[in-house]
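Given next are the chains, with one letter for each unit.
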Amino acid sequence: MRIRPGTILLIFFAAILAGYLTACLIAPGHRIRRMNREGGTYTLVADAKRVPDLEFPDLAVPLREKAFLESRIAMAGSDSIGMSVNLRDSILALEINGIIIHRAKISDIRVDRFFSALNNQAYEGLFSRPLAVEREIATIDKEPVIVQKAPRDTVEALNSVFMPDTIRRIPAFVSFDLSGDLRLCLVDDGNRGLGRFFRKLFFYTRIRSRQAGENILSVLGMRVPTYTPEIRVSLAGEDIASIFRALYGRSLVAILI
Amino acid sequence: METNLLKKLKSLSMVIRSWPAGLRKFVMGLPLGAIGRVSRYVAGILLFLCLILFIIPALQRGIIHVPKPETSFGSGKESGELSRQKAELERTITRLDRKYRGLTPRSAFLVINTSGNRFYLYNNRKIYREGECSTGSYILLESENKTKWLFKTPKGRFSIQGKTTSPVWKKPDWAFVELGMTIPPENHPSRYEYGVLGDYALSLGHGYLIHGTLYKRFLGLPVTHGCVRLNDDDLEAVYRMLQVGSRVYIY
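Residues numbered from 1 in each chain as written. Chains lettered and ligands numbered in written order. Predicted model: local features only at pLDDT ≥ 70, side-chain atom pairs only at ≥ 80, totals over all residues. Heavy atoms only, no water.

## A closer look at the nonpolar core
Grouped burial of nonpolar side chains is what soluble globular proteins tend to show.
Thought 1: With 58 residues, the main nonpolar core has A:Met83, A:Phe176 and A:Leu186 as its most contacted residues.
Thought 2: With five residues, the top contributor of residues to this core is helix 6 (residues 237-246) of chain A.
Thought 3: Those residues in contact with A:Met83, other than ones at most four positions away along the chain, are A:Met75, A:Leu92, A:Ala93, A:Leu94, A:Phe176, A:Leu184, A:Ile243, A:Leu247, A:Leu252, A:Val253 and A:Ala254.
Thought 4: By size, the runner-up hydrophobic cluster in this structure holds 21 residues, among which are B:Leu230, B:Val238, B:Tyr239 and B:Val248. (Core = buried A, V, L, I, M, F, W, Y, C linked by side-chain atoms within 4.5 Å. Buried < 20%, exposed > 50% of the residue type's maximum accessible area, 1.4 Å probe, protein only. Helix = DSSP H or I, 4+ residues; strand = E, 2+ residues; numbered from the N terminus. Contact = heavy atoms within 4.5 Å.)

Right under this line is the structure:
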């Protein structure tokens, strides 16, 4: 029996897809097991004294609060603007030197199940220090620069007086890839028009395609891809713009789940 | 029945006629089987993209096993240990919370939001006054000789470097360039303008000021060349409350 080249290609493609799918599906469990065993990304919790203390599940709430405060105090040592995300009180704040300079109310929260599967030790290892912003993707400009040519004379200057656009508002979606392989997404909770839908679709397509690219590279290198859990919070678009434009470089982020 | 079909075919041909010539030629040139094949490929690619970009990530999230929370009240010894640990943690949290709250100064400081064009004057850890201001317009002005100026308000932590009453504006080069005027020599009388900065000015360093404005209708909008404009009453309150060395946070 002669097999057509198209069929061979199809089988090859299906095998790659199956491999990719398997690798992607085992990735979350693999990461959770590793973190629960090692105690988070930062292995600063290696001292034997505290390990049994953290095994009580009832200590989860105060331990998380302690980790958040430690993280914010560490963040206050930096001279840059940082962000604190308190999912318990639904508040996202900008802070500098421990001073809250902007506070935004979170209207909706979606937290990956990944975080519920972490034990106390892994949680503390991950969140007791501020995380740094590694990469960001946004639908709005960091600096909304408007290029303007200088007028040739006073008459031209009079005709080209700049007036800021106060009506046009672009739906704001921002994603921060944080150290420790986490992702924080800020989603505009504004009007639900078609424009917003397409912005959101393009935004998530950008994030997911980059993630898929990284996963494919891992699979080709015979490694289990790194699962990136996501925290998604909805805020007013104005707040997202203020927060996104305030953060520069490797800004620090403290999170309480 | 036939007339319906004819009508549909006619409307389809109208749609095709409205396409660009190149596309129309390409589609009309395709045999019926080819159109079917192309649409199958397109559907396959879309399905594949959906699988990779949305379905697999959703499956990943869905299969995560979350262990049931178990109570740790086992033996009496364990329970006692838990209470001791909880008490210890509560003490640590109180201590950390006090430390964190202590970071906010009791002295007056100013916070400026350049995205929302609002200011917040704090004193004794409470908002003393808030309102509209104007900050940098983000205009990048390009002159004929390719010199560029970006009119943005700097962000970060600053402190008041100096305070003046009845400030005089010494116009920089861009003030002439943006009006289509020739740049006068340094210290030329045309560079000095009186009464345009309001009654007070507070310096943030590097030429950036917090000052008043004649254009009060623009307050709340990004229209300045980098300075922060306030209305007269707010400016007076800020001037009186902030001392040289007081902190100003701009974001």
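## Concerning the interface of chain A and chain B
Thought 1: Counting residues at the interface gives 68 residues for chain A and 67 residues for chain B.
Thought 2: At the junction of chain A and chain B, the tally comes to four salt bridges.
Thought 3: The salt bridge involving A:Arg152 is made with B:Glu144; its shortest N-O contact spans 4.0 Å.
Thought 4: Applying the counting rule to chain A against chain B returns 19 residue pairs in polar contact (both at pLDDT 80 or more).
Thought 5: Elements with a minimum of two residues in the side of chain A that touches chain B: helix 1 (5-38), helix 2 (60-76), strand 2 (91-96), strand 3 (99-105), strand 6 (146-149), helix 4 (154-159), helix 5 (194-220) and helix 6 of chain A.
Thought 6: Of the residues in the side of chain A that touches chain B, the class split is 42 nonpolar, 10 polar and 16 charged.
Thought 7: In terms of strand pairing, strand 6 of chain A meets strand 4 (residues 139-142) of chain B through four bridges, oriented parallel. Bridging from a neighbouring strand, A:Ile146 pairs with B:Ile139 of strand 4 of chain B. (Salt bridge = Lys/Arg side-chain N within 4 Å of Asp/Glu carboxyl O. Polar contact = N/O pair within 3.5 Å; in protein donor to acceptor, adjacent residues only side chain to side chain. Nonpolar A, V, L, I, M, F, W, Y, C, P; charged D, E, K, R; others polar. Pairing = 2+ DSSP bridges.)

## Remarks on the sheet that holds strand 4 (residues 108-111) of chain A
Residue and element names in this part refer to chain A.
Thought 1: Strand order in this open sheet of nine strands is 3-2-1-10-5-7-8-9-4, and the pairing throughout is mixed. Two strands close off the open sheet at either side, each with one partner strand: strand 3 and strand 4. On average, each strand axis in the sheet is tilted by 25° relative to the strand beside it, whichever way the strands run.
Thought 2: Of the pairings in the sheet, the one linking strand 2 to strand 3 comprises six bridges and is antiparallel in character. (Axes fitted to C-alpha atoms, helices over the stretch in contact; angles between N-to-C directions.)

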